[in-house]
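Now for the letters of each chain:
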Number of protein chains: 2
Amino acid sequence: MKTKHLKLALLPLLALGALGASLGVSAQQAAGPKPEQLIKWRQSVYQVVAWNNGRIKANVDGQYNKDEVIKAANTIAAIANSGVGALFAPGSETGKGWHDTAAKPELWAANSKAAEYSANFAKEANELAKVALLGEQAKTKEQFGKLGKTCKACHDDYKAKE
Amino acid sequence: MKTKHLKLALLPLLALGALGASLGVSAQQAAGPKPEQLIKWRQSVYQVVAWNNGRIKANVDGQYNKDEVIKAANTIAAIANSGVGALFAPGSETGKGWHDTAAKPELWAANSKAAEYSANFAKEANELAKVALLGEQAKTKEQFGKLGKTCKACHDDYKAKE
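These figures come from a predicted structure and were not determined experimentally. (Residues numbered from 1 in each chain as written. Chains lettered and ligands numbered in written order. Predicted model: local features only at pLDDT ≥ 70, side-chain atom pairs only at ≥ 80, totals over all residues. Heavy atoms only, no water.)

(A) Fine view of the overall build of chain A. Check the secondary structure of chain A and you find six helices and zero strands. Sequence-ordered secondary structure for chain A, helices as α and strands as β, is α-α-α-α-α-α. Put simply, 74% of the contacts in chain A that link residues at least 6 apart link residues at least 24 apart. Per element, the accessible surface of chain A, about 9,500 Å² overall, is 60% carbon and sulfur. (Helix = DSSP H or I, 4+ residues; strand = E, 2+ residues; numbered from the N terminus. Contact = heavy atoms within 4.5 Å. Areas by Shrake-Rupley, 256 points an atom, 1.4 Å probe, with all protein chains shown as cover.)

(B) Spatial organisation of the interface of chain B and chain A. Taken together, the contact between chain B and chain A spans 22 residues of the former and 22 residues of the latter. Overall, the association of chain B and chain A removes approximately 1,900 Å² of surface from exposure, summing both partners, and the carbon and sulfur fraction of that is 72%. Contact with chain A buries area across many residues of chain B, yet Q47, W51 and W98 of chain B alone supply 36% of it, more than any other trio. Inspection of the region where chain B meets chain A yields six residue pairs in polar contact (both at pLDDT 80 or more). Those elements giving two or more residues to the side of chain B that touches chain A turn out to be α3 (35–61) and α4 (66–80) of chain B. At ten residues, α3 of chain B tops the list of elements feeding residues into the side of chain B that touches chain A. Class assignment for the residues of the side of chain B that touches chain A results in ten nonpolar, nine polar and three charged. (Buried area = accessible area lost by both parts, 1.4 Å probe. Polar contact = N/O pair within 3.5 Å; in protein donor to acceptor, adjacent residues only side chain to side chain. Nonpolar A, V, L, I, M, F, W, Y, C, P; charged D, E, K, R; others polar.)

(C) Structural view of the packing of aromatic side chains. Residue and element names in this part refer to chain A. Applying the stated rule across the entire model yields seven aromatic pairs over all chains. Ring geometry for F88 versus W108: centroids 6.1 Å apart, planes at 50°, classification tilted. With F88 in the loop between α4 (66–80) and α5 (114–132) and W108 in the loop between α4 and α5, this residue pair connects regions lying 20 residues apart in the sequence. For F88, a relative accessible area of 15% puts it in the buried group. W108 gets classed as partly exposed once you look at its relative accessible area, which sits at 22%. Put simply, the rings of Y46, F88 and W108 pair up and form one aromatic cluster. Sitting over the face of the ring of W98, K40 holds its NZ or CZ atom 4.3 Å from the ring centroid. (Phe/Tyr/Trp six-rings, centres within 6.5 Å; stacked < 30°, edge-to-face > 60°. Buried < 20%, exposed > 50% of the residue type's maximum accessible area, 1.4 Å probe, protein only. Lys NZ or Arg CZ within 6 Å of the ring centre and 35° of its normal.)

(D) Structural view of the packing of helix α5 (residues 114–132) of chain B against helix α6 (residues 137–158) of chain B. All names here are of chain B. Two numbers describe how α5 lies on α6: the axes approach to 9 Å, and their chain directions differ by 165°. By the angle between their axes, α5 is roughly antiparallel relative to α6. The chirality of how α5 crosses α6 is left-handed. Across the interface between the two elements, A114, Y117, N120, F121, E124, A125, E127, L128, V131 and A132 from α5 touch K139, T140, Q143, F144, K146, L147, T150, C151, A153, C154, D157 and Y158 from α6. (Axes fitted to C-alpha atoms, helices over the stretch in contact; angles between N-to-C directions. Parallel < 35°, antiparallel > 145°, perpendicular 65-115°, else oblique. Left-handed = near helix turned anticlockwise from the far one by under 90°.)

(E) Region of interest: the relation of the copies chain B and chain A. Mapping chain B onto chain A is achieved by rotating through 180° and translating by 0.0 Å along the same axis, at an RMSD of 0.0 Å. In the structure described here, the two chain copies are related by an operation that fits a two-fold rotation axis. Within chain B, S44 of chain B has its C-alpha nearest the rotation axis, a separation of 2.2 Å. In this assembly, 100% of the residues forming the interface of chain B have copies in chain A that are likewise at the interface, indicating an isologous arrangement. (Least-squares fit on C-alpha atoms with pLDDT ≥ 70 in both.)

(F) Representation of the packing of α3 of chain B against α6 of chain B. All names here are of chain B. Taken N-terminus to C-terminus, the directions of α3 and α6 make an angle of 140°; their axes are 9 Å apart at the nearest point. Judged by the angle between their axes, α3 and α6 are oblique. Crossing of α3 over α6 shows left-handed handedness. Facing N53, I56, K57, N59, V60 and D61 of α3, the residues of α6 in contact are Q137, T140, K141, F144 and L147. Across the contact of α3 with α6, the residue classes tally to four nonpolar, four polar and three charged.

(G) Quick look at the confidence of the model for chain A. Residue and element names in this part refer to chain A. Per-residue pLDDT for chain A has a mean of 86; in total, 81% of the residues score no lower than 70. Note on residues 1–30: pLDDT under 50 across the span, and twelve contacts to partners over four residues away in sequence or across chains. Overall fold confidence (pTM) sits at 0.82, and the ipTM for the predicted complex is 0.81. (pLDDT = per-residue confidence, 0-100.)

(H) Inspection of the environment of A72 of chain A at higher detail. All names here are of chain A. Tracing the backbone through its elements, the reader meets A72 in helix α4. Residue class for A72 comes out buried when judged on its relative accessible area of 0%. It is 6.7 Å that separates the C-alpha atoms of A72 and I56, two residues lying 16 residues apart in sequence. For A72, the residues in contact, after removing those within four places along its chain, are N52, R55 and I56.

(I) Structural context of α4 of chain B. For α4 of chain B, with 15 residues, the first-to-last C-alpha span of 21 Å sits near the 21 Å given by 1.5 Å per residue. Considered for burial, the residues of α4 of chain B that qualify are V69, I70, A72, A73, T75, I76, A77, A78, I79 and A80 of chain B. Lining the buried residues of α4 of chain B we find α4 of chain A together with α3, α5 and α6 of chain B. Capping the start of α4 of chain B is the job of one residue whose side-chain oxygen sits 3.1 Å from the backbone nitrogen of D67 of chain B: N65 of chain B. (Expected span 1.5 Å × (residues − 1).)

(J) Inspection of the nonpolar core at higher detail. In terms of nonpolar packing, the biggest core is built from 68 residues, with I56 of chain A together with I56 of chain B touching the most fellow members. Those elements that provide at least two residues to this core are α3 (35–61), α4, α5 and α6 (137–158) of chain A together with α3, α4, α5 and α6 of chain B. (Core = buried A, V, L, I, M, F, W, Y, C linked by side-chain atoms within 4.5 Å.)

As structure tokens, then:
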């Protein structure tokens, strides 16, 4: 009897849990930052990556400043290792940060390659941070190209065209 | 005579330079990203810092996850070392990135302490990244407090209230 009462008492919680799951909202997400905040943060993250990508591109295509490339590569690597996936928590599939999210719904699908793409991005970003220490323009350019491919792979699949 | 001609020929350039200086626009700035882009990037940088600050705060005030704190501290440190000062290039005193800049004109004044504040921020951020490796909540909390003071010092002087 006691067990039965407990089960009945849990029913509303289970129903709430099922509702949350059907909306793609986990308990953790409900307690954490709002989707709009997560979207604003992830849009900001990619702007910071874009700033540093631009600096590295200017250096590999023009006059090379070793220190500037190291700083930029370290920033991209730190971001790539920082756990940006948490900014794509369930519940943040749609919404507006600085602007409407450009992430496609497929990013959250069961067969999503987002985690794999993210790991590839981190791998090549860490390698770029290492290569940058050598201060050799050609080697940096080559590794920067590899990093760019990991960006493109994810954008092709999961970023809506503007 | 040759020197005199050269001097005369340079006059328009000097005048243009003076005009640029009076407008707060350097030659480098004119060739680089537009003020609106710089403002968008720096606003993004501070959002990424805010995201990681929030993660560290949650860890030092609640359940402590060493790895998460390390990732967050490394990201803040990389940004602090990345040369964010370039995003405040002359010419970007006013303008709109994601929103109107909150930087006060005093940041660009001759007696500005911005560079000093920025160096303090980097110093304490680098120390936090070191302390984070120890995985000790109390020590991280103490150093995180020191970092926060460097943020506040600059905001108090150079960030307009919202």
